[in-house]
Number of protein chains: 2
Amino acid sequence: MTELDFNITIVGLGLIGGSFAMALKELKPKNLWGVDIDKEVIQTAEERKIIDKGYTKPETPLKKSDIVITCIYPGLTIKFIRENIHYFKPGAIITDTSGIKEKLINEINKFLRNDVDFIGGHPMAGRESKGLKYASKKIFKDANYLITPTAKNKAENIKKIEGLVRAIGFKNIVKLKPKDHDEIIAFTSHLPHILASALINSDDRKDTKYFVAGSYRDATRVARINYELWTELIMDNRHSTLEQIEKFENSVSLFKKAIMNNNKDELRALFKEGSRRREELI
Amino acid sequence: MTELDFNITIVGLGLIGGSFAMALKELKPKNLWGVDIDKEVIQTAEERKIIDKGYTKPETPLKKSDIVITCIYPGLTIKFIRENIHYFKPGAIITDTSGIKEKLINEINKFLRNDVDFIGGHPMAGRESKGLKYASKKIFKDANYLITPTAKNKAENIKKIEGLVRAIGFKNIVKLKPKDHDEIIAFTSHLPHILASALINSDDRKDTKYFVAGSYRDATRVARINYELWTELIMDNRHSTLEQIEKFENSVSLFKKAIMNNNKDELRALFKEGSRRREELI
């Protein structure tokens, strides 16, 4: 019955790790193991047959795993790989799922063994709520996946990861440099999270909910955030994020100027341009 | 079979007017008439039995209507009422549905007959797409409705409008002063539309769609906009909108400063506050 002829370990059975496990299970890997610090999470994952077996100590599964997928915070990802560097199976592929890449990859490459391949990955999927409870393979359906190879990575290993994420539902799989990844993500992900939070924080009323419609709800949706994770992500991508904030501020100031000058033509042109761009995004 | 003992005319059978007609039809008014400049729209509305009868010239239905609901742009609302002021039935209630109130009500009160009551209304519902084709009574379900009475309005008439909008699905119906309405709406509606447009306009890439997830999609959703209408709405509410933009800019600058100073505690606190507020909004 085995479809994939290799063993996979997922590190961190939260929202992303749990969703990965659920999706990978259907591809029938030889073994699908889970590592988590939380015994209860492991028990749940085993009972629900999301994984074949779970471990709080990674030594056993790592030694036999051909692919290891880390689904934990960026800082923890580095720490986990460093602390367990001697356990990885020779030839293993390690891939991560965190939202920043350059700093993370540079750090990992400092201590990575030569017989192990680390390939940066970023599933552009998530939810407002965290934890295995909210995991679902559906979040990957037609989502974007970014892979950030470096010269150190083997072409066949990159292909393997690409095939795997395509098989679990991702649609557009783009390969780009870690630095480019961080620059783009500062715009498409870090900036929108800051704007949502800044908008809701600027509210000085207590009864706002009676005056909102879809526009405000959508604009603030991701303000409900895993603030530990996002603080880490953004602080690891400070330079690009600041650049994007400033570009956005300039864009806002064009609207402001048009309104201030009572320049209807200009305001209409700005809205029209935004409308055209948004239609293209659909 | 008549449930509502009065005649209603809806002016403008677009997204909002069409949705009103569909929803009101179920309350079985004595007659439900529609006015539109577009003959085809009227034909469609009649064929689909959304209205009992439609007119391109409003004289006939206005003369017999107890309630007139205008579902057209703010400027056109003023123009329509002024041009047809002599046709309204004595004792009629006119209510509008536009997103600004103070300027509109002041203008209308300049020429309004004493035997006709104009009550400002604002259904906080909509869609990215315009026109009868997208109309649906579902958009009103559990949405907010704002009514902006003035000293000129009769209490019984306000109650009538309130009862009507509650009956077609609106949940929270709040009465407030026209000026207060415009101030709050600048924050909850005009500002989010500007931010969505400013964000997507600040994009300087061509391949952004491969790098987006839900946060960017949601943050830019309302950039797809009826730009004629929104230019008019915002220009009629310039002062409050500018105030809200500046408040938002100050809020963004707190995030910027925290990132610039590498102040993790501050950034975490800002995200945590936003998160708390967003959870309360649900």
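Computed from a predicted model, the values in this text were never measured in an experiment. (Residues numbered from 1 in each chain as written. Chains lettered and ligands numbered in written order. Predicted model: local features only at pLDDT ≥ 70, side-chain atom pairs only at ≥ 80, totals over all residues. Heavy atoms only, no water.)

1. Digging into the packing of aromatic side chains
Then, in step 1: Using the criterion set out here, one finds 11 aromatic pairs over all chains in the structure.
Then, in step 2: A cation over a ring is seen here: Lys 53 of chain B above Tyr 55 of chain B, with NZ or CZ 5.4 Å from the ring centre. (Phe/Tyr/Trp six-rings, centres within 6.5 Å; stacked < 30°, edge-to-face > 60°. Lys NZ or Arg CZ within 6 Å of the ring centre and 35° of its normal.)

2. Section: the packing of helix α10 (residues 238-260) of chain A against helix α7 (residues 178-201) of chain B
Then, in step 1: As a packed pair, α10 of chain A and α7 of chain B sit with axes 8 Å apart at the nearest point and diverge in direction by 130°. For the element pair α10 of chain A / α7 of chain B, the angle class is oblique. Between α10 of chain A and α7 of chain B lies a crossing whose hand is right-handed. Contact with α10 of chain A, carried on its side by Phe 248, Ser 251, Val 252, Phe 255 and Ile 259 of chain A, involves Ile 194, Leu 195, Ser 197, Ala 198, Leu 199 and Asn 201 of chain B of α7 of chain B and no other residues of that element.
Then, in step 2: Its residues assigned to classes, the contact of α10 of chain A with α7 of chain B shows 8 nonpolar, 3 polar and no charged. (Axes fitted to C-alpha atoms, helices over the stretch in contact; angles between N-to-C directions. Helix = DSSP H or I, 4+ residues; strand = E, 2+ residues; numbered from the N terminus. Parallel < 35°, antiparallel > 145°, perpendicular 65-115°, else oblique. Left-handed = near helix turned anticlockwise from the far one by under 90°. Contact = heavy atoms within 4.5 Å. Nonpolar A, V, L, I, M, F, W, Y, C, P; charged D, E, K, R; others polar.)

3. What about the sheet that holds strand β7 (residues 144-148) of chain A?
Residue and element names in this part refer to chain A.
Then, in step 1: Strand order in the open sheet formed by 8 strands is β3-β2-β1-β4-β5-β6-β7-β8, with mixed pairing between adjacent strands. One side of each edge strand has no neighbouring strand; the edge strands of this open sheet are β3 (53-55) and β8 (172-175). The mean angle between the axes of side-by-side strands here comes to 25°, regardless of whether they run parallel or antiparallel.
Then, in step 2: Both strand β4 (residues 67-70) and strand β5 (residues 93-96) contribute to a ladder of 4 bridges, which runs parallel. Across the sheet, Ile 67 pairs through a bridge with Ile 93, a residue of β5.
Then, in step 3: On top of the sheet, helix α5 (residues 102-111) reaches β5, β6 (117-124) and β7; it is set at about 160° to β6, its chief contact. (Pairing = 2+ DSSP bridges.)

4. Observations concerning the domain arrangement of chain A
All names here are of chain A.
Then, in step 1: We note that the domain assignment places domain 1 (4-176) and domain 2 (181-281) within chain A.
Then, in step 2: The gap between the C-alpha centroids of domain 1 and domain 2 is 31 Å.
Then, in step 3: At the junction of the two partners, domain 1 supplies 17 residues and domain 2 supplies 15 residues.
Then, in step 4: Both sides together, the interface formed by domain 1 and domain 2 hides about 1400 Å², and carbon and sulfur atoms give 60% of it.
Then, in step 5: Sorting the residues of domain 1 by area buried against domain 2 places Tyr 73, Ile 100 and Glu 128 first, and these three jointly supply 43% of that buried surface.
Then, in step 6: The residue Lys 103 makes a salt bridge to Asp 236 at a minimum N-O spacing of 2.7 Å.
Then, in step 7: Where domain 1 meets domain 2, there are 6 residue pairs in polar contact (both at pLDDT 80 or more).
Then, in step 8: Of all elements in the fold, only α4 (74-83), α5, β6 and β7 reach the threshold of two or more residues within the side of domain 1 that touches domain 2.
Then, in step 9: Here the element with the most residues in the side of domain 1 that touches domain 2 is α4; it accounts for 3 residues.
Then, in step 10: Looking at the side of domain 1 that touches domain 2 residue by residue, the classes come out as 7 nonpolar, 5 polar and 5 charged. (Domains from an automatic or database assignment. Buried area = accessible area lost by both parts, 1.4 Å probe. Salt bridge = Lys/Arg side-chain N within 4 Å of Asp/Glu carboxyl O. Polar contact = N/O pair within 3.5 Å; in protein donor to acceptor, adjacent residues only side chain to side chain.)

5. Here's the deal with the interface of chain A and chain B
Then, in step 1: Taken together, the contact pairs 82 residues of chain A with 82 residues of chain B.
Then, in step 2: Of the roughly 8200 Å² buried where chain A meets chain B, counting both sides, 66% is carbon and sulfur surface.
Then, in step 3: Counting across the interface, chain A meets chain B through 12 salt bridges.
Then, in step 4: In this structure, the salt-bridge partner of Lys 247 of chain B is Asp 204 of chain A, at a minimum N-O distance of 3.1 Å.
Then, in step 5: Across the chain A-chain B interface, the total number found is 42 residue pairs in polar contact (both at pLDDT 80 or more).
Then, in step 6: Elements with a contribution of two residues or more to the side of chain A that touches chain B: β7, β8, α7 (178-201), α8 (214-220), α9 (227-235), α10 and α11 (264-281) of chain A.
Then, in step 7: Within the side of chain A that touches chain B, the residues separate by chemical class into 40 nonpolar, 20 polar and 22 charged.

6. Observations concerning the pairing of strand β7 (residues 144-148) of chain B
All names here are of chain B.
Then, in step 1: Among the 5 residues that make up β7, 5 are buried, leaving the element largely enclosed by the rest of the structure.
Then, in step 2: For strand β6 (residues 117-124) and β7, the ladder comprises 5 bridges, and the chain directions are antiparallel. Bridge pairing in β7 links Pro 123 to Tyr 145.
Then, in step 3: In terms of strand pairing, β7 meets strand β8 (residues 172-175) through 4 bridges, oriented parallel. Of the residues in β8, the one forming a bridge with Asn 144 is Asn 172.
Then, in step 4: Between the parallel elements β7 and β8, the chain passes through helix α6 (residues 155-167) in a crossover that is right-handed. (Buried < 20%, exposed > 50% of the residue type's maximum accessible area, 1.4 Å probe, protein only. Right-handed = clockwise from strand over helix to strand, strands pointing away.)

7. Let's talk about the side chain of Asn 153 of chain A
All names here are of chain A.
Then, in step 1: Looking at the element boundaries, Asn 153 is found in the loop between β7 and α6 (155-167).
Then, in step 2: Accessibility expressed as a relative area gives 11% for Asn 153, which makes it buried.
Then, in step 3: Within the structure, Asn 153 has its side chain in polar contact with the side chain of Asp 117 (distance 2.8 Å).
Then, in step 4: Apart from residues lying up to four places away in sequence, Asn 153 is in contact with Asp 117, Phe 118, Ile 119, Thr 148 and Ile 158.

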